[in-house]
Structures are given as structure tokens and as C-alpha cells.
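A structural walkthrough
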Amino acid sequence: MSIATVIVYILLAVSGFFALVGSIGIIRMPNVYNRIHAETLCVFGGTIVGLVAIAVFQGWSTFSLKAIVIALFLFFTSPVGSHAIAKAAHESGEGLSPDAEVDRLEEAKE
Amino acid sequence: MISDFLLVVAAIFFISMIFCLIQAIRGATMFDRVVSIDALTALSVGILGFLSLYYNQEIFLDIALVYAIIAFIGDLAVSKYLSGRGLEE
């Protein structure tokens, strides 16, 4: 078993673990903003790590190039989408959790 | 050897997709549903990648890229459309 195969196994295990933890977090979290946290865990720890594992397994080819392109695309667009949803939720009056102490966006609007 | 492990990880992703679908159905507000559907599309992109390696079909990755782009555009459109409205459905 070569060193690349060991890396692929480790990355795949990490990817499955984070996908499961993120989706359980989406169910368990109480709030939209906390759910966005868990969703980011799903995307980054699950999907992007899985695509990197595919690219490492394939070596240098167009196959791995496509996997890297998808991983980079998700890496740059997933935070943008999460930010847009959070801003829309805040503008619609979705409240923060009761434990939150400051709301900088609300202060900046005034 | 590695293909069995790929199928196991794809099954774990599928279970995670079922959890996201449950949350999308019972979500309290519409933003909960949007976030759950976003996570569901990202997980399905991962499953498409694993299946492309399992069947050795490179074309699945093209479909995954198009699906990721559509999910991103849908995110922005939905958040632009819903911003400033009330929380009632």
C-alpha cells in the first residue's frame, strides 16, 4: 500500500465524518445562523475534502483537474451564498439566539 | 479495495442527505429550508464525484460542476428574492 493510497483513505474517512457531523448539526441547531455554520462544515469538510481525495487518487490527469476545479469553485462560492442567505435572513427580521450579546449589523444600520 | 470504501463513504453522504431533507421538510422558516437544500446540493456533488471514480466515468464530474453552478445561482437568486420580506410563508 503506497503512501498516496493511505492519504486517500484518510481523506475519505475525514470527508464522511464531517458530512455526517454537519448534517446532524443542521438538524440539531436552533437557529438559521447556527445552521449556516453546520452547513459550511458539510461543504468544506465533506465535499471539498472528498473531491481532493479523488484528485489525489487519480494523479495527474484531466480527471483530477476537473475535481480540483469543482473543489475551487465550491471553495469560493459557498461562503458567498451563505453570506447572502444570512444577510437576507437578518433583513427579514430573523432574531439572533437569546445568548447573543451584540448585533453589529443592526448597530451599523443606524 | 478502494471501491468498497468509496461506496461506504457515498452511503454516509446519502444518509447525510436524508438528514438535510428531513430538516428541509420540517424547517421553521424559509431560510432554514434554503440552507438545508444548499447543503443537500453540496453533498450530492460529492456523491457524483465518488460515483465518477467508482464507475471511472469522467462525464459525471462535468454534471457535478454544472450542478454546483446552478446551486450557487439559485442561492443568490433566492436570497435576493426573499430579503426584506417577513418570516411568514
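Conventions adopted
Residues numbered from 1 in each chain as written. Chains lettered and ligands numbered in written order. Predicted model: local features only at pLDDT ≥ 70, side-chain atom pairs only at ≥ 80, totals over all residues. Heavy atoms only, no water. Helix = DSSP H or I, 4+ residues; strand = E, 2+ residues; numbered from the N terminus. Rg over C-alpha atoms; globule rule 2.2 N^0.38 Å. Buried < 20%, exposed > 50% of the residue type's maximum accessible area, 1.4 Å probe, protein only. Contact = heavy atoms within 4.5 Å. Areas by Shrake-Rupley, 256 points an atom, 1.4 Å probe, with all protein chains shown as cover. Lys, Arg positive; Asp, Glu negative; His and termini not counted. Charge placed at Lys NZ, Arg CZ, Asp CG, Glu CD. Buried area = accessible area lost by both parts, 1.4 Å probe. Salt bridge = Lys/Arg side-chain N within 4 Å of Asp/Glu carboxyl O. Nonpolar A, V, L, I, M, F, W, Y, C, P; charged D, E, K, R; others polar. Expected span 1.5 Å × (residues − 1). pLDDT = per-residue confidence, 0-100. Core = buried A, V, L, I, M, F, W, Y, C linked by side-chain atoms within 4.5 Å.

Here we take up the overall build of chain B. Helices and strands together make up the secondary structure of chain B, namely three helices and zero strands. Along its sequence from the N terminus, chain B presents helices and strands in the succession α-α-α. Computed over its C-alpha atoms, the radius of gyration of chain B comes to 15 Å, more than 25% above the 12 Å expected for a compact globule of 89 residues. Projected onto its principal axes, the C-alpha positions of chain B cover 50 × 25 × 10 Å. Burial status across chain B gives 45% buried among its 89 residues. Taking the intrachain contacts of chain B between residues at least 6 apart in sequence as the baseline, contacts between residues at least 24 apart amount to 59%. Only carbon and sulfur atoms are counted for the fraction: they give 71% of the accessible area of chain B, which is about 4500 Å². When the 4 basic and 8 acidic side-chain charges of chain B are each reduced to a single mean position, those positions are 14 Å apart.

Counting residues at the interface gives 45 residues for chain A, matched by 49 residues for chain B. Here chain A meets chain B over a buried area of about 4000 Å², counting both sides, of which 76% is carbon and sulfur. On the surface where chain A and chain B come into contact, there are three salt bridges. In this structure, the salt-bridge partner of Asp-32 of chain B is Arg-35 of chain A, at a minimum N-O distance of 2.7 Å. Of all elements in the fold, only α1 (3–28), α2 (32–58) and α3 (62–91) of chain A reach the threshold of two or more residues within the side of chain A that touches chain B. The greatest single-element share of the side of chain A that touches chain B, amounting to 16 residues, is contributed by α3 of chain A. The class makeup of the residues in the side of chain A that touches chain B is 27 nonpolar, 13 polar and five charged.

Before going further, it helps to examine helix α1 (residues 2–26) of chain B. The terminal C-alpha atoms of α1 of chain B, which comprises 25 residues, lie 37 Å apart, in line with the 36 Å expected from a rise of 1.5 Å per residue. Listing the buried residues of α1 of chain B in full gives Ile-2, Leu-6, Val-9, Ala-10, Phe-13, Ser-16, Met-17, Cys-20, Gln-23 and Ala-24 of chain B. Looking at the buried positions of α1 of chain B, the neighbouring elements they touch are α1 and α2 of chain A together with α2 (30–55) of chain B.

Atom-level detail of predicted coordinates should not be read off regions where pLDDT is low. For chain B, per-residue confidence averages 89 on the pLDDT scale, and residues scoring 70 or more make up 96% of the total. Predicted complex metrics record ipTM = 0.88 and pTM = 0.89.

The next subject is the pattern of salt bridges. Applying the stated criterion across every chain, the model contains five salt bridges over all chains. A salt bridge links Glu-58 of chain B to Lys-66 of chain A; the nearest nitrogen and oxygen atoms lie 3.3 Å apart. One end of the pair, Glu-58 of chain B, is in the loop between α2 and α3 (59–82); the other, Lys-66 of chain A, is in helix α3, on a second chain. According to the relative accessible area criterion, Glu-58 of chain B is partly exposed, its value standing at 29%. A salt bridge links Lys-87 of chain A to Glu-91 of chain A; its shortest N-O distance comes to 3.0 Å. Here Lys-87 of chain A and its partner Glu-91 of chain A are both found in helix α3, four residues apart, which amounts to about one turn of the helix. Take Lys-87 of chain A: its relative accessible area is 38%, and that puts it in the partly exposed class.

Now for the nonpolar core. One finds Leu-12 and Ile-54 of chain A together with Phe-13, Leu-43 and Phe-50 of chain B to be the most contacted residues of the largest nonpolar core, which totals 34 residues. Among the secondary structure elements, those contributing two or more residues to this core are α1, α2 and α3 of chain A together with α1, α2 and α3 of chain B. Those residues in contact with Phe-13 of chain B that lie beyond four places of it in its chain are Ser-15, Gly-16, Ala-19, Gly-46 and Thr-47 of chain A together with Leu-43, Gly-46, Ile-47 and Phe-50 of chain B. In terms of nonpolar packing, the next biggest core, distinct from the first, is built from eleven residues, Ile-36, Ile-85 and Ala-89 of chain A together with Met-30 of chain B among them.

This paragraph deals with the side chain of Ser-36 of chain B. If you trace the backbone, Ser-36 of chain B turns up in helix α2. Not counting residues within four places of it along the chain, the set of residues in contact with Ser-36 of chain B comprises Ile-26 of chain A together with Cys-20, Gln-23 and Ala-24 of chain B.

Bringing unusual backbone geometry into the picture now. In this structure, Asn-56 of chain B is a non-glycine residue whose phi angle is positive, near 55 degrees. Asn-56 of chain B sits in the exposed class, given a relative accessible area of 54%.

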